[in-house]
Amino acid sequence: MNLVELHNITYSYPRTAQPALRDLSLAIPQGQFCTVVGVNGAGKSTLCYLLAGFVPHFYHGELTGTAQVAGHDVAQTPLAEMAADVGLVFANPFNQITGARFSVREEVAFGLENMGIPRAEMLARTEEMLALTGLSDLAERSPYALSGGQQQRLAIASVLVMRPRLLVLDEPTSQLDPAGTQEIFALLAKLVRRGETAVVLVSHELEWIGQHADRVVVLDDGRILADGPPRAILASEMLPIPGTRYTQAARRARAEGLAPAQGELPVTLREAVAFFRQA
Ligand SMILES: Nc1ncnc2c1ncn2[C@@H]1O[C@H](COP(=O)(O)OP(=O)(O)O)[C@@H](O)[C@H]1O
Ligand SMILES: [Mg+2]
């Protein structure tokens, strides 16, 4: 059984003329690092909301089709129950820090405390999560004293400590500098490799996606325009967003007759080096 099974999902927000998701079907197996790309308004955030149950339980509107996520029928499952199995992380880590606790360690433990997890287990899970997200050395600090990348790792740790089966992240690096972005991609790749959780990531960071993700789903106008391994998708002519700088450079070199007219275009730096070597 797949972790995510969406069949013919069409969804419209209340009082809107056009659906935000249109006849969308998508299956995601356990253990996949799945990324979602697309232009503004394509429906990426709406897809994240559906996976977490915010659609239809917070944003009402009209939903047809079936959505099974982490063993739940999304339409039938209350948000609180979904939250135990699907973690959602947003763009701005600052907004996700509860502010209710003084230290990074307490912030990570907060959700478990609320769940009434026994103290010994809470402490063990908290330390484990601090180590996994590289925050052990910062555990005594105030969450507000962290860099953007560290704060986002804290937001991820606070969600992951609940042991969700699926981690959904909506542009989690859009407020981060390149170093912070790299930290987050490295962490997500590690989590997936270790089998901690499956990941659905919305991101514009095509180079990092090309390096780490298993799959790229291209959304356009609420529909799936393309779906496949990063190599095939990110170098494709039909991608509605510009490719990585390496793909763009290679395409230009090809157009100007400076590179072979045949063969795959590069996505990552490593592939670009190989591509231009043979040019
Ligand atoms: N809360 C909302 N109410 C009504 N329409 C919305 C709401 N949020 C998003 N939309 C619309 O749904 C469509 C998809 O938006 P969204 O999922 O935010 O796209 P993306 O995240 O890819 O930019 C857009 O047409 C947008 O205007
Ligand atoms: Mg969005």
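What comes next concerns the included structure. (Residues numbered from 1 in each chain as written. Chains lettered and ligands numbered in written order. Predicted model: local features only at pLDDT ≥ 70, side-chain atom pairs only at ≥ 80, totals over all residues. Heavy atoms only, no water.)

Digging into the overall build of the chain
So the rule is basically this: Starting at the N terminus, helices and strands are each numbered in turn, a helix being any DSSP run of H or I of at least four residues and a strand any DSSP run of E of at least two. Note that the radius of gyration is over C-alpha atoms, with the globule rule given as 2.2 Å times the number of residues to the power 0.38. Accessible area is worked out with a 1.4 Å probe on protein chains only. A residue is then buried under 20% of its type maximum, exposed over 50%, and partly exposed in between. Any pair of residues with heavy atoms lying within 4.5 Å of one another is described as a contacting pair. With residues, only the protein chains shown are counted as cover, and all accessible areas are computed by Shrake-Rupley using a 1.4 Å probe. Positive charges are assigned to Lys and Arg, negative charges to Asp and Glu, while His and the chain termini are left out of the count. In this description, the location of a charge corresponds to atom NZ of lysine, CZ of arginine, CG of aspartate or CD of glutamate.
A tally of helices and strands in the chain yields 12 helices and 10 strands. The C-alpha radius of gyration of the chain comes to 20 Å, within 12% of the 19 Å expected for a compact globule of 279 residues. Each of the 279 residues in the chain was classed as buried or not, and the buried ones make up 50%. Once local pairs closer than 6 in sequence are excluded, the contacts in the chain between residues at least 24 apart make up 64%. When the accessible surface of the chain is totalled, it reaches about 13,000 Å², and 51% of it is carbon and sulfur. The averaged location of the 29 negative side-chain charges in the chain is 5 Å from the averaged location of its 23 positive side-chain charges.

Overview of the nonpolar core
Note the following rule: The definition of a nonpolar core used throughout is a set of buried Ala, Val, Leu, Ile, Met, Phe, Trp, Tyr and Cys residues joined through side-chain atoms within 4.5 Å. Residue ranges assigned to each domain were obtained from an automatic or database domain assignment.
In this structure, Phe33, Ile156, Leu167 and Leu188 are the most contacted members of the largest nonpolar core, which totals 53 residues. Two domains each put at least three residues into this core: domain 1 (4–230) and domain 2 (244–279). If sequence neighbours within four positions are ignored, phenylalanine 33 has contacts with Phe185, Leu188, Ala189, Val192, Val199, Leu201, His212, Ala213, Asp214 and Arg215. Membership of the second largest hydrophobic core comes to 33 residues, among which are Leu21, Ile28, Ala52 and Val55.

Looking at the site of ligand 1
Where we set the bar: Being near a molecule or strand, for a residue, comes down to having at least one heavy atom within 4 Å of it. Under the rule applied, a polar contact is a pair of N or O atoms within 3.5 Å (in protein, one hydrogen donor and one hydrogen acceptor; residues adjacent in sequence only if both atoms are side-chain atoms). Amino acids outside the nonpolar list (Ala, Val, Leu, Ile, Met, Phe, Trp, Tyr, Cys, Pro) and the charged list (Asp, Glu, Lys, Arg) are all regarded as polar, and Gly is one of them.
Around ligand 1 sit Tyr13, Thr16, Ala20, Val39, Asn40, Gly41, Ala42, Gly43, Lys44, Ser45, Thr46 and Tyr59, and that is every residue in its neighbourhood. In this structure, glycine 43 approaches ligand 1 through a main-chain N or O atom, which is 3.0 Å from an oxygen atom. Within the side chain of lysine 44, a nitrogen or oxygen atom sits 2.8 Å from an oxygen atom of ligand 1. The protein chains hide 61% of the 560 Å² of surface that ligand 1 would expose on its own. Considered class by class, the residues forming the shell around ligand 1 number five nonpolar, six polar and one charged.

Quick word on the pairing of strand S3 (residues 33–37)
We count it as follows: A pair of strands is treated as paired once DSSP finds two or more bridges between them.
With five of its five residues buried, S3 lies for the most part within the structure. Judged from the four bridges that link them, S3 and strand S8 (residues 198–202) form a sheet pairing that is parallel. Bridge pairing in S8 links phenylalanine 33 to valine 199. Pairing of S3 with strand S9 (residues 215–220) involves four bridges; the strand directions are parallel. Its bridge partner lying in S9, cysteine 34 is registered against arginine 215.

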